[in-house]
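Listed below, chain by chain, are the residues.
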Amino acid sequence: MSEEPTVIGAGSSLSDVDEGEWVGWQTWSGDAFEQRAGPFYERREENGGMVSAFRAEKRHMNGAGFMHGGCLMTFADSALFTIATDEMAGARGVTLQLAGDFLSPVAVGQLVEARGEVTRGGGKTVFVRGMITADGTPALTFNGIIRKVGTRS
């Protein structure tokens, strides 16, 4: 008999942002890791696609003064799920694979955004590719695979 996995933060949901720079966006306020790492925000664009974003802060930088690669990959991991919002249709998922190619550095103060597309879906496995930009300059291309593991309660 298969049981659904225990999901930490299972009670989290998207919350509307009502003030500051991110008015009109949503954030996973119940996701402690994403709030510490970002916080990361998301919204649907006019073309129907999803975008994720956050503002680069000093705490996101490495010793050379540029955004730490781990921070960019953490954001890419989060963006996988935002990009796949429609394909996931309320399902929970886990990242099976994530790969990235670093293109240019990200500096403090830059607006970091991720956009992409689902390249294959329709079942329990969802394939995504995307690009992260910093003030519009490509910083990282990424691809990943999500495995659906249950539904949101």
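Here's what I pulled together on the structure shown here. (Residues numbered from 1 in each chain as written. Predicted model: local features only at pLDDT ≥ 70, side-chain atom pairs only at ≥ 80, totals over all residues. Heavy atoms only, no water.)

**Some points on empty space enclosed by the protein**
Empty space among the atoms becomes visible once a probe the size of a water molecule is rolled across them. The full count for this structure, using the stated rule, is 1 cavity of 30 Å³ or more. The volume enclosed by the largest cavity comes to roughly 40 Å³. The wall of the largest cavity is formed by Leu-14, Gln-26, Thr-27, Trp-28, Glu-34, Phe-40, Tyr-41, Glu-42, Ser-52, Ser-78 and Thr-82. Per element, the largest residue contribution to the lining of the largest cavity is 3 residues, and it comes from strand E2 (residues 26-28). A per-class count over the lining of the largest cavity returns 4 nonpolar, 5 polar and 2 charged. (1 Å grid on protein atoms, 1.4 Å probe; cavity = no way out; pocket = protein on both sides within 12 Å on 5 of 7 lines; lining within 4 Å. Points joined across faces, edges and corners; volume = space filled by probe spheres on them. Helix = DSSP H or I, 4+ residues; strand = E, 2+ residues; numbered from the N terminus. Nonpolar A, V, L, I, M, F, W, Y, C, P; charged D, E, K, R; others polar.)

**Focus: the side chain of Thr-27**
Here Thr-27 shows up in strand E2. The contact partners of Thr-27, leaving out residues within four places of it in the chain, are Ser-13, Leu-14, Ser-15, Val-17, Gln-35, Phe-40 and Tyr-41. (Contact = heavy atoms within 4.5 Å.)

Without other data, these values stay purely geometric and don't point to any function.
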